[in-house]
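The residues making up each chain are set out below.
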Amino acid sequence: MGAKKGSKESGMALLELVLLLVVVVAIVGVGIYVVHQKNSSDNTLSGTSSNAATKAPAGTSAGIEQDTQQDAKNEASVDSSSDSATQQSAASANNATSNLGGAYNESSY
């Protein structure tokens, strides 16, 4: 009986070793993933800061001029997209009235 009990204990030790190995590998894998994601975000942020390096210092007249020009470009872009949306909705309203097939005729009024 002594041999069987030792065999069970060594099997249990092997199982514990395998479970420990799985846990360690999982922790290392998560650690590598986190480090990789942090390095990716650092590279992205450093790319953004290189663009900021060419910008004039805030509060100077050159910096204010750059900000004003950038705001004007942004506003023009928003105005353009708003105008196209308005034109598109107006065109669809005109199509809706013209598709009534004579049920709506302004000339008779």
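Bear in mind that the values here come from a model prediction, so they are computed numbers and not experimental data.

A tally of helices and strands in the protein chain yields 2 helices and 0 strands. Counting the 109 residues in the protein chain, one finds 2% classified as buried. Just so you have it, the protein chain exposes about 9300 Å², and 62% of that area is on carbon and sulfur atoms.

Do not read the fine detail of predicted coordinates wherever pLDDT is low. Within the protein chain, residue pLDDT values average 76, and 68% of them lie at 70 or more. Note on residues 49-53: pLDDT is under 50 here. Beyond four places in sequence and across chains, it has 0 contacts.

With that out of the way, let us pick up a nonpolar patch on the surface. A grouping of Leu14, Leu17, Val18, Leu20, Val22, Val24, Val28 and Ile32 is seen on the molecular surface, where their side chains present a nonpolar patch of about 750 Å² in accessible area. Of note, valine 28 is situated in helix α1 (residues 2-53).

Definitions and limits used
Residues numbered from 1 in each chain as written. Predicted model: local features only at pLDDT ≥ 70, side-chain atom pairs only at ≥ 80, totals over all residues. Heavy atoms only, no water. Helix = DSSP H or I, 4+ residues; strand = E, 2+ residues; numbered from the N terminus. Buried < 20%, exposed > 50% of the residue type's maximum accessible area, 1.4 Å probe, protein only. Areas by Shrake-Rupley, 256 points an atom, 1.4 Å probe, with all protein chains shown as cover. pLDDT = per-residue confidence, 0-100. Contact = heavy atoms within 4.5 Å. Patch = residues over 30% accessible without salt bridge, like charges linked within 9 Å, V, L, I, M, F, W, Y side chains within 5 Å. Salt bridge = Lys/Arg side-chain N within 4 Å of Asp/Glu carboxyl O.

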